Amino acid sequence: MNLSEIKPKEIMPGYHGKLVHGERMSWVFWDVEQNAEVPEHQHDHEQIMHVVEGTFEFSLNGEKGTYTAGDIVVIPSNVPHSGKALTPCKLMDIFSPVREEYR
């Protein structure tokens, strides 16, 4: 498999993801449009977010921060979080278990 051969899916407005699924995890490579937002939500999945490019505003359990290239955020299971791309962004997310709704 090569990332260039994976067709992106627009999972939510402005969030275009290339999705890779294993048996117990999902890995998502996001191209995010400037000003695209993820409303506050929570899920059973553990998540790790990595900002590859751009500036991303992210709130975790009510604490807001601004993240740039190289930053990593660990998001525990069932903790409320939200985000907004302040610039066009490239992000990577890893989820465990698999995000079945992203298949």
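Since the model is a prediction, treat every value here as computed from it, not as a measurement.

**Considerations on the pattern of salt bridges**
- In total, this model carries 4 salt bridges according to the counting rule given.
- Here Asp31 ties to Lys90 by a salt bridge, and the two come within 2.5 Å at their closest N and O atoms. Linking Asp31 in strand E3 (residues 26-32) with Lys90 in strand E10 (residues 89-96), this pair joins segments that are 59 residues apart in sequence.
- Two residues, Glu100 and Arg103, come together in a salt bridge whose shortest N-O distance is 2.8 Å.

**Some remarks on the side chain of Lys18**
- Relative to the elements of secondary structure, Lys18 occurs in strand E2 (residues 15-21).
- Within the buried core, Lys18 has no salt-bridge partner, and the shortest N-O distance to an opposite charge, that of Asp31, equals 6.1 Å.
- Engagement of the side chain of Lys18 in a polar contact is seen with the backbone oxygen of Leu3, the distance being 3.1 Å.

**Observations regarding the sheet that holds strand E4 (residues 37-41)**
- Here we have 4 strands laid out as an open sheet, ordered E4-E9-E6-E7, and antiparallel in their pairing. With one partner strand each, in any of the chains shown, E4 and strand E7 (63-68) form the two edges of the open sheet. Direction aside, neighbouring strands of the sheet carry axes that sit 15° apart on average.
- Judged from the 6 bridges that link them, strand E6 (residues 55-60) and E7 form a sheet pairing that is antiparallel. Within E7, the residue paired with Leu60 across the bridge is Glu63.

**Digging into the pairing of E10**
- With burial as the criterion, only one face of E10 is covered, namely that bearing Cys89, Leu91, Asp93 and Phe95; the residues Lys90, Met92, Ile94 and Ser96 on the opposite face remain uncovered.
- By the bridge criterion, 7 bridges tie E3 to E10 in an arrangement that is antiparallel. Counted as the bridge partner of Trp30 is Leu91 from E10.
- Here strand E5 (residues 46-53) runs beside E10; their pairing, made up of 7 bridges, is antiparallel. Note on E10: the bridge partner recorded for His50 is Met92.

**What to know about the sheet that holds strand E1 (residues 9-12)**
- Strand order in this open sheet of 6 strands is E1-E2-E3-E10-E5-E8, and the pairing throughout is antiparallel. Strands with a single pairing partner mark the edges of an open sheet, and in this sheet they are E1 and strand E8 (72-75). When strand polarity is set aside, the average angle formed by the axes of neighbouring strands in this sheet is 30°.

**Some remarks on the UniProt feature "domain: Cupin type-2" (unreviewed entry) in the chain**
- Those places that UniProt annotates as "domain: Cupin type-2" (unreviewed entry) correspond, in this numbering, to residues 29-95.
- The straight-line gap between the two end C-alpha atoms of residues 29-95 is 12 Å; of that span, 0% is helix and 67% is strand.

**Details of unusual backbone geometry**
- Note that the residue after Ser96, namely Pro97, is joined by a cis bond; omega there is 0°.
- In this structure, Pro97 sits in the segment after E10.
- Positive phi, close to 60°, is recorded for Asn78, a residue that is not glycine.
- On the secondary structure map, Asn78 appears in the loop between E8 and strand E9 (81-85).

Scoring rules and cut-offs
- Residues numbered from 1 in each chain as written.
- Predicted model: local features only at pLDDT ≥ 70, side-chain atom pairs only at ≥ 80, totals over all residues.
- Heavy atoms only, no water.
- Salt bridge = Lys/Arg side-chain N within 4 Å of Asp/Glu carboxyl O.
- Helix = DSSP H or I, 4+ residues; strand = E, 2+ residues; numbered from the N terminus.
- Buried < 20%, exposed > 50% of the residue type's maximum accessible area, 1.4 Å probe, protein only.
- Lys, Arg positive; Asp, Glu negative; His and termini not counted.
- Polar contact = N/O pair within 3.5 Å; in protein donor to acceptor, adjacent residues only side chain to side chain.
- Pairing = 2+ DSSP bridges.
- Axes fitted to C-alpha atoms, helices over the stretch in contact; angles between N-to-C directions.
- UniProt positions renumbered as here; feature names shortened; annotations may be inferred.

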